[in-house]
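One-letter residues, chain by chain:
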2 protein chains.
Amino acid sequence: MPRSQRRRPALTHPDAAEIDLLDVLHALADPTRMTIVRTLRAEPERPCGTFPVDVAPSTLTHHFRVLREAGVIHQREDGNRRWTALRLADLDGRFPGLLDSILGAYETGPAAP
Amino acid sequence: MPRSQRRRPALTHPDAAEIDLLDVLHALADPTRMTIVRTLRAEPERPCGTFPVDVAPSTLTHHFRVLREAGVIHQREDGNRRWTALRLADLDGRFPGLLDSILGAYETGPAAP
DNA sequence: ACAGTTGTACGATGGTTGTCGAAAGAGAGG
DNA sequence: CCTCTCTTTCGACAACCATCGTACAACTGT
């Protein structure tokens, strides 16, 4: 039986119209989550365990939930893996240009010493 | 003796080059602070006590410190008052277009019910 | 059936945060 | 001097958050 038919808490994603800006900002205001989002922009979809972050798996699950409940990422199940993708269209539909602006600002580089 | 010469902890503002994006995002990811910044964009400078927020004065002081240490606002003392202003030029110099993009996104309105 | 892989759930923990009230400092004005 | 206004500091509190280890569940392969 595939996971999508299991009797377990399904992956909850907010509607595009329900995405709250403050939730998005809070989700992005964390170095680990920012790394996840940046990695995800370069590649359309990617399994959970393949992100260049240095935290425990359970911590990674926590960060994915924060991003998912904020409406930043989408996760789908496929066999044993959970594929993660940016909700680019939804985010850009609700807040045009915002994600590019924030990610672009991040590329400007860290603060000077 | 004016306040600027007092023996009290001076107002510390980070250098423009030291402004960290994650700190800015975290500072803006709060409804009270977002209201402060939005109010500040409409008016160039404004005394502390005149913001349309519904929190205790000590809480307001706390939020001003978060915004100031993130480099979002500048505060100067004048007699009995503390004038607060957006660091628009510094912010836009470091992260061009970012603040407009975020505030514009906020004007898009709250999440649908 | 069995072992390996992938990711989650739970419980705990130390740190951070938003909130407030009470007290106090500093200036303006009488 | 005394009082009033504006704002801060301190101490406290509950809530939240990032982190981890352990245990577990589901799928994949042999």
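Residues numbered from 1 in each chain as written. Chains lettered and ligands numbered in written order. Predicted model: local features only at pLDDT ≥ 70, side-chain atom pairs only at ≥ 80, totals over all residues. Heavy atoms only, no water.

- Identification of chain A as Helix-turn-helix transcriptional regulator from Microbispora hainanensis is taken from an unreviewed UniProt entry.

**What about the interface of chain A and chain B?**
Next up, step 1: Taken residue by residue, the interface counts 26 residues in chain A and 26 residues in chain B.
Next up, step 2: When chain A packs against chain B, the two sides together hide about 2000 Å² of surface, and 69% of this comes from carbon and sulfur.
Next up, step 3: Its largest share of buried area at the contact with chain B, chain A owes to Leu22(A), Leu25(A) and Arg94(A), together 24% of the area lost on that side.
Next up, step 4: Counting across the interface, chain A meets chain B through zero salt bridges.
Next up, step 5: At the boundary of chain A and chain B, one finds zero residue pairs in polar contact (both at pLDDT 80 or more).
Next up, step 6: Taken together, the elements giving at least two residues each to the side of chain A that touches chain B come down to α1 (21-28), α2 (31-42) and α5 (98-107) of chain A.
Next up, step 7: The residue makeup of the side of chain A that touches chain B, split by class, is 18 nonpolar, five polar and three charged. (Contact = heavy atoms within 4.5 Å. Buried area = accessible area lost by both parts, 1.4 Å probe. Salt bridge = Lys/Arg side-chain N within 4 Å of Asp/Glu carboxyl O. Polar contact = N/O pair within 3.5 Å; in protein donor to acceptor, adjacent residues only side chain to side chain. Helix = DSSP H or I, 4+ residues; strand = E, 2+ residues; numbered from the N terminus. Nonpolar A, V, L, I, M, F, W, Y, C, P; charged D, E, K, R; others polar.)

**Re the relation of the copies chain A and chain B**
Next up, step 1: For the pair chain A and chain B, the relating rotation is 180°, the translation along its axis is 0.0 Å, and the fit reaches an RMSD of 0.0 Å. On this basis, the relationship between the two copies can be described by a two-fold rotation axis.
Next up, step 2: Counting the interface residues of chain A, we find that 100% of their copies in chain B are interface residues as well, pointing to one common contact surface. (Least-squares fit on C-alpha atoms with pLDDT ≥ 70 in both.)

**A short note on the environment of Met34(B)**
Next up, step 1: By the element assignment, Met34(B) lies in helix α2 (residues 31-42).
Next up, step 2: Met34(B) sits in the buried class, given a relative accessible area of 0%.
Next up, step 3: A sequence separation of 69 residues divides Met34(B) from Leu103(B), and the C-alpha atoms of the two residues are 8.5 Å apart.
Next up, step 4: Among residues more than four places away in sequence, those in contact with Met34(B) are Leu21(A), Leu22(A), Leu25(A), Leu28(B), Ile102(B), Leu103(B) and Tyr106(B). (Buried < 20%, exposed > 50% of the residue type's maximum accessible area, 1.4 Å probe, protein only.)

**Examining the pattern of salt bridges**
All names here are of chain A.
Next up, step 1: Scanning the entire structure with this criterion turns up twelve salt bridges over all chains.
Next up, step 2: Salt-bridge contacts for Arg-41 lead to Asp-100; the nearest nitrogen and oxygen are separated by 3.1 Å. Separated by 59 residues along the polypeptide, Arg-41 in helix α2 and Asp-100 in helix α5 bring together distant segments of the chain.
Next up, step 3: On the basis of relative accessible area, Arg-41 is assigned to the partly exposed category, the value being 34%.
Next up, step 4: You can call Asp-100 partly exposed: its relative accessible area is 47%.
Next up, step 5: Put simply, Glu-43 and Arg-46 hold a salt bridge, and the shortest N to O gap is 2.8 Å.
Next up, step 6: On the accessibility criterion, Glu-43 (34% relative accessible area) is partly exposed.

**Regarding the sheet that holds strand β2 (residues 73-78) of chain B**
Residues and elements named next belong to chain B.
Next up, step 1: In spatial order, the strands read β1-β3-β2; together these three strands make up an open sheet with antiparallel pairing. With one partner strand each, in any of the chains shown, β1 (45-47) and β2 form the two edges of the open sheet. Here the average twist between neighbouring strands, direction ignored, is 30°.
Next up, step 2: Note that β2 and strand β3 (residues 81-86) share six bridges and pair antiparallel. The residue bridging Gln-75 from the neighbouring strand is Thr-84, located in β3. (Pairing = 2+ DSSP bridges. Axes fitted to C-alpha atoms, helices over the stretch in contact; angles between N-to-C directions.)

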